[in-house]
Amino acid sequence: MNRIFAVTSVIAATVAGAAVAAQPALNTKLGNDFSEIIRALSADGYTIQEIEREHGLIEVEALKEGQTFEIKVDPTSGQVVSIEHDD
């Protein structure tokens, strides 16, 4: 019984880790304009669905591994300031 629980726990942790790994880290520098951000995210395997400037930030809706993310970038620093996983 303990062995089954341990294996299940390892599988669950691996799956959860994969979901987290799909996201860029906060403060990652992606770029200061649309083309730099699209290039950086595309190189990391994202498909850009939408990109716009809103509320002083660049907001990107991107798809990776079947998951949708909303990534907000500060256009001055070029760094990721917010990441939300959309279900």
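To be clear, the structure that these remarks concern was listed above.
The structure displayed is predicted, hence computed values, not measured ones.

Visitor: How should the environment of Ser 35 be read in this particular structure?
Guide: On the secondary structure map, Ser 35 appears in helix α2 (residues 34-43). Note on Ser 35: relative accessible area 41%, which makes it partly exposed. A distance of 2.9 Å separates polar atoms of two side chains, one belonging to Ser 35 and the other to Asp 33.

Visitor: What is the right way to read the sheet that holds strand β2 (residues 57-64) from this model?
Guide: Neighbouring strands of a sheet are bound in pairs by backbone hydrogen bonds; such pairs are parallel or else antiparallel. If you walk across this open sheet you meet the 4 strands as β1-β2-β3-β4, and the pairing is antiparallel. Looking along the sheet, the strands with just one partner apiece sit at the ends: β1 (47-54) and β4 (80-86). Neighbour-to-neighbour, the strand axes of the sheet open up by a mean angle of 15°, direction not taken into account. Note that strand β3 (residues 67-73) and β4 share 6 bridges and pair antiparallel. Directly across from Glu 70, in β4, lies its bridge partner Glu 84. Contacts from α2 reach β1, β2 and β3 within the one sheet, and its direction differs from that of β1 by about 150°.

Visitor: Explain the side chain of Glu 59 to me, please; I cannot follow it from the model alone.
Guide: Looking at the element boundaries, Glu 59 is found in strand β2. Summary of buried charges: Glu 59 has no salt-bridge partner, and the nearest side chain of opposite charge, Lys 72, is 4.1 Å away. When neighbours within four sequence positions are excluded, Glu 59 is seen to be in contact with Glu 50, Ile 51, Glu 52, Glu 54, Glu 70, Ile 71 and Lys 72.

About the cut-offs
Residues numbered from 1 in each chain as written. Predicted model: local features only at pLDDT ≥ 70, side-chain atom pairs only at ≥ 80, totals over all residues. Heavy atoms only, no water. Helix = DSSP H or I, 4+ residues; strand = E, 2+ residues; numbered from the N terminus. Buried < 20%, exposed > 50% of the residue type's maximum accessible area, 1.4 Å probe, protein only. Polar contact = N/O pair within 3.5 Å; in protein donor to acceptor, adjacent residues only side chain to side chain. Pairing = 2+ DSSP bridges. Axes fitted to C-alpha atoms, helices over the stretch in contact; angles between N-to-C directions. Contact = heavy atoms within 4.5 Å. Lys, Arg positive; Asp, Glu negative; His and termini not counted. Salt bridge = Lys/Arg side-chain N within 4 Å of Asp/Glu carboxyl O.

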